[in-house]
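Read off the chains here:
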Amino acid sequence: MNIYQENILDHYHNPRNFGSLSDNSNALSLENPSCGDSLTLSLSVEKNSITNIAFTGSGCALSIASASLLTEYAKGKSIEELTKLSKSAMVSLLGIEVGPARIKCALLAWEALQKILHNFSEKNL
Amino acid sequence: MLSSQEIQSLFPVFRNNPGLCYLDTPASSLTPESVITKLREYYEHYPVNVSRGLYTLSEKATQEVEYVREKTAQFLGGSSKDEIIFTRNTTESLNLLARTLLPTLKENDEIVITGMEHHANFVPWQQLAKQYNLKLKIVPFEKDGHIEEETLRTFLSPQTKIFSFVHISNVLGTLNDAKRFIDIARSIQPSLITIIDGAQSAGNFPLGVRDLDCDFFTCSGHKMFGPKGIGILWGKKKHLDTLSPFLYGGEMVSSVSEKESIFKESPARFEAGTPSIGDIIGFGSALDFIESFGKQSIFDHEKTLTSLLWERLSETFGDAITLFGPNPKTHIHTGILSFALEGVHPHDISQILAQENICVRAGTHCAMPLHKNLDTPFHATVRVGFSLYNSPDDIDRLIGGLQKARSLFTFSP
Ligand SMILES: Cc1ncc(COP(=O)(O)O)c(C=O)c1O
């Protein structure tokens, strides 16, 4: 299957929620060192739900498109809901099959989100 | 020289994968039929251990291994088969050296490497330096991928104990003038140990270890048409017999009592345990394969294809492409060429090429410190490597694939 579907290319060329938030207390940067992807994700949380989310970074189409799709999905969702978002659910958001060579790119933003949520819960226990 | 089609017919992988365009030889070369036949011979006729049995089959296996040892010594331009140690790969050979040379070093001694090393010749020294308070100095390369002699001089000093450097860069395709580097180093510290990472040069560079006059040379069989799982460490006999072993166990000792062990001379001293016997024997056929063409003609073939690719890429993509390493019009650029195409991440390029059955490498090619110094927004590159089985047809297909990638990714608001 060709992973370069219109939707992926669209999110790559016009990433949604691209940028940073003025409040970076819930931000995290991750790298995928072997291929050079890098990404910073930031969230605003109010009453346990994500009121705003943004990312910056550079990388392959898959890493950028998945970050863009994930930020769209996450906005307005609760922390509990997002913590439950599994790897395979993240891949489903992309709507393509992702092989083992590219799975790290597809999950980079998801991994950043999970880490931020984890840190947030620790801080606000 | 045979046509590329005739050469491809010597590699079963092309029969089994029609239309394969393989441009990833720097990672591993493909395997010729003759090597596979030799592997089968071992496993079907005398698949037993070496040195131990006094029976015919074991004698045969031992004889074959020692024959390849002799052949390897000749192939690398060494003087004795006792200077050849079989390891798993270049990485293991270099780690063996780092551990074995450690007892000869003291605090603040300097180890010099270059900024274009593969992690295999980077991380072992970096970790050694950290753990034992040694100084690691890294000689930077110029924008076009060569190392200035003057720069090299300023990084070497009388405190330098080890100078270990890559012969042909697996990213930039630079051929370092090893002989010259070693002469310069010895003029500053006559007794330093020089090590060449020959992973990319052992199978195609005509000069041998005695011409280069290094102390150690390392390479991998799988990048020389040989089986995966066999590597070489060549060293001057005078070092090998005095340095302490790396792995301890059977085969490397001449006698063991409860309190003491006496180690054999090299190469046995450094070959503890059962070696990868079949792979060593198969490697012998890989050396025959290379010699049937000649290292020089392989080197020239690869270099010619690189020049052509350089020209075609510049023509086709103009300012949208950045080509790394020496310009083949003015300098030697070996059969490895890395590049970055504006607006398309290397990973996406390699995936789109893969859909066309074109195999290239994308990423940092086990050379992250090198990529940090490249002028590309992604800090990653696409790498193409040529070998005997490649031809200008592969370049045509590559260019076609890259045009496809570029049109798919050209920004359209
Ligand atoms: C220059 C260089 N050094 C070392 C290595 C490591 O070789 P191996 O993986 O066989 O140990 C490679 C292989 O990629 C290489 O290109």
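Residues numbered from 1 in each chain as written. Chains lettered and ligands numbered in written order. Predicted model: local features only at pLDDT ≥ 70, side-chain atom pairs only at ≥ 80, totals over all residues. Heavy atoms only, no water.

### Details of the sheet that holds strand β4 (residues 135-139) of chain B
Residues and elements named next belong to chain B. Taken together, seven strands build an open sheet; the order of strands is β2-β8-β7-β6-β5-β3-β4 and the sheet is mixed. Strand pairing shows two members of the sheet lacking a second neighbour, β2 (84-87) and β4, which therefore form its edges. Between one strand and the next, the sheet's axes are offset by a mean angle of 20°, whatever the strand orientation. Sheet analysis places strand β5 (residues 160-166) next to strand β6 (residues 193-197), joined by five bridges and oriented parallel. Bridge pairing in β6 places Ile 162 opposite Ile 193. (Pairing = 2+ DSSP bridges. Helix = DSSP H or I, 4+ residues; strand = E, 2+ residues; numbered from the N terminus. Axes fitted to C-alpha atoms, helices over the stretch in contact; angles between N-to-C directions.)

### What to know about the interface of chain A and chain B
Taken together, the contacts link 21 residues of chain A with 18 residues of chain B. Together, the buried faces of chain A and chain B total about 1500 Å²; carbon and sulfur atoms form 53% of this surface. By the criterion of area lost to chain B, the three top residues of chain A are A:Tyr4, A:His13 and A:Cys35, representing 35% of everything that side buries. Joining chain A to chain B, the criterion identifies one salt bridge. A salt bridge links A:Arg102 to B:Asp348, with the shortest nitrogen-to-oxygen separation between them at 3.0 Å. Of all elements in the fold, only α1 (6-13) and α2 (61-74) of chain A reach the threshold of two or more residues within the side of chain A that touches chain B. The element that contributes the greatest number of residues to the side of chain A that touches chain B is α1(A), accounting for three residues. Of the residues that constitute the side of chain A that touches chain B, the class distribution is eleven nonpolar, seven polar and three charged. (Contact = heavy atoms within 4.5 Å. Buried area = accessible area lost by both parts, 1.4 Å probe. Salt bridge = Lys/Arg side-chain N within 4 Å of Asp/Glu carboxyl O. Nonpolar A, V, L, I, M, F, W, Y, C, P; charged D, E, K, R; others polar.)

### What about the nonpolar core?
Residue and element names in this part refer to chain B. In this structure, Phe 163 and Phe 217 are the most contacted members of the largest nonpolar core, which totals 71 residues. The element that contributes the greatest number of residues to this core is helix α11 (residues 277-293), accounting for nine residues. Inspection of this core shows a minimum of three residues originating in each of domain 1 (4-28 + 295-407) and domain 2 (35-291). (Core = buried A, V, L, I, M, F, W, Y, C linked by side-chain atoms within 4.5 Å. Buried < 20%, exposed > 50% of the residue type's maximum accessible area, 1.4 Å probe, protein only. Domains from an automatic or database assignment.)

### Digging into the pairing of strand β12 (residues 336-341) of chain B
Residue and element names in this part refer to chain B. In terms of burial, β12 is largely enclosed, as six of its six residues are buried. Sheet topology places strand β11 (residues 321-323) next to β12; three bridges connect them, and they run antiparallel. Bridged to Ile 321 within β12 is Leu 341. Here β12 pairs with strand β15 (residues 381-385) via four bridges, running antiparallel. Note that in β15 the partner of Ile 336 across the bridge is Gly 385.

### A word on empty space enclosed by the protein
Residue and element names in this part refer to chain B. The final tally for this structure, using the stated rule, is two cavities of 30 Å³ or more. The volume enclosed by the largest cavity comes to roughly 180 Å³. Taken together, 20 residues make up the lining of the largest cavity; nearest its centre are Thr 25, Gln 200, Asn 204, Lys 223 and Glu 302. One number sums up the size of the second largest cavity: a volume of about 70 Å³. Contributing to the lining of the second largest cavity are Leu 76, His 167, Ser 201, Ala 202, Phe 205, Leu 207, Gly 208, Val 209, Leu 212, Phe 217 and Lys 295. Partitioned by chemical class, the residues of the lining of the second largest cavity number seven nonpolar, three polar and one charged. (1 Å grid on protein atoms, 1.4 Å probe; cavity = no way out; pocket = protein on both sides within 12 Å on 5 of 7 lines; lining within 4 Å. Points joined across faces, edges and corners; volume = space filled by probe spheres on them.)

### Concerning the domain arrangement of chain B
Residue and element names in this part refer to chain B. Partitioning chain B into structural domains gives domain 1 (4-28 + 295-407) and domain 2 (35-291). One C-alpha centre belongs to domain 1, the other to domain 2; they are set 28 Å apart. Contact residues are listed per partner, giving 36 residues for domain 1 and 31 residues for domain 2. Area buried by domain 1 at its contact with domain 2 is led by Lys 295, Cys 366 and Leu 370, which between them contribute 25% of it. Seen at the junction of domain 1 and domain 2, the total is zero salt bridges. At the boundary of domain 1 and domain 2, one finds 15 residue pairs in polar contact (both at pLDDT 80 or more). Secondary structure elements with two or more residues in the side of domain 1 that touches domain 2: α12 (295-317), β12, α14 (368-372) and β15. When residues in the side of domain 1 that touches domain 2 are grouped by element, the largest group, five residues, is from α12. (Polar contact = N/O pair within 3.5 Å; in protein donor to acceptor, adjacent residues only side chain to side chain.)

### Quick word on the sheet that holds strand β1 (residues 27-32) of chain A
Strand pairing in a sheet is mediated by backbone hydrogen bonds. Such pairs are either parallel or antiparallel. Residues and elements named next belong to chain A. Read from one edge to the other, the open sheet built from three strands follows the order β1-β2-β3, with strand pairing classed as antiparallel. Sheet topology places β1 and β3 (49-58) at the edges, where each strand pairs with a single neighbour. This sheet shows a mean twist of 20° between the axes of neighbouring strands, independent of strand direction. Across six bridges, β1 lies against strand β2 (residues 37-46) in antiparallel orientation. In the sheet register, Leu 30 faces β2, and the bridge partner there is Leu 39.

### Remarks on the side chain of B:His222
All names here are of chain B. Within the fold, His 222 resides in the loop between β7 (216-220) and β8 (231-235). According to the relative accessible area criterion, His 222 is buried, its value standing at 13%. Reaching out from His 222, the side chain makes a polar contact with the side chain of Ser 28 at a distance of 2.7 Å. Once residues lying within four places of it in the same chain are set aside, the contact partners of His 222 are Ala 27, Ser 28, Ser 29, Pro 227, Lys 228 and Ile 230.

### Some thoughts on the packing of α1(A) against α2(A)
Residue and element names in this part refer to chain A. Packing of α1 against α2 brings their axes to within 8 Å, and their N-to-C directions diverge by 85°. On the basis of the axis angle, α1 is roughly perpendicular to α2. Only Ala 61, Ile 64, Ala 65, Ser 68, Leu 69 and Glu 72 of α2 make contact with α1, whose side of the interface consists of Asn 7, Ile 8, His 11 and Tyr 12. (Parallel < 35°, antiparallel > 145°, perpendicular 65-115°, else oblique.)

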